Amino acid sequence: SLAFTRSAFVAKRRNYDQPNWLGVGLAFSTSAALWALLFKQHNEDVMEYERRKEERQHKCTGCS
C-alpha cells in the first residue's frame, strides 16, 4: 500500500551550474535595503541626540 502513495515533496538533485539568480538578487537587495534603513535611522538618532544635548546645555534665562 505504501508503493501507491504520492509524496507532496519530490527529491531532486540541485543543479549548481545554474543558480537561482532571482533568489540571490532578492536576498542581496533585501539585505542592502535593511542596512540602508539601519544607517538612516542611526543618523537620525545621532542628530536627535546632539540636538537634545545642545538643548540641555543652553542656559538662557530669557528663553524660559
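Predicted model, so just to flag it, every value in this text is computed and none were measured. (Residues numbered from 1 in each chain as written. Predicted model: local features only at pLDDT ≥ 70, side-chain atom pairs only at ≥ 80, totals over all residues. Heavy atoms only, no water.)

What to know about the overall build of the protein
Scanning the protein from terminus to terminus reveals 1 helix and 0 strands. Accessible surface, the protein: about 7000 Å² in total, of which carbon and sulfur atoms supply 60%. (Helix = DSSP H or I, 4+ residues; strand = E, 2+ residues; numbered from the N terminus. Areas by Shrake-Rupley, 256 points an atom, 1.4 Å probe, with all protein chains shown as cover.)

Describing the environment of Asn-15
For Asn-15, the location among the structural elements is in the segment before α1 (21-57). What makes Asn-15 partly exposed here is its relative accessible area of 48%. Among the polar contacts made by the side chain of Asn-15, one reaches the main-chain amide nitrogen of Asp-17 at a distance of 3.1 Å. (Buried < 20%, exposed > 50% of the residue type's maximum accessible area, 1.4 Å probe, protein only. Polar contact = N/O pair within 3.5 Å; in protein donor to acceptor, adjacent residues only side chain to side chain.)

Remarks on the UniProt feature "transmembrane region" (unreviewed entry) in the protein
When the UniProt feature table is mapped onto this chain numbering, "transmembrane region" (unreviewed entry) sits at residues 20-39. As a span, residues 20-39 carries 95% helix and 0% strand, and end to end its C-alpha atoms are 29 Å apart. (UniProt positions renumbered as here; feature names shortened; annotations may be inferred.)

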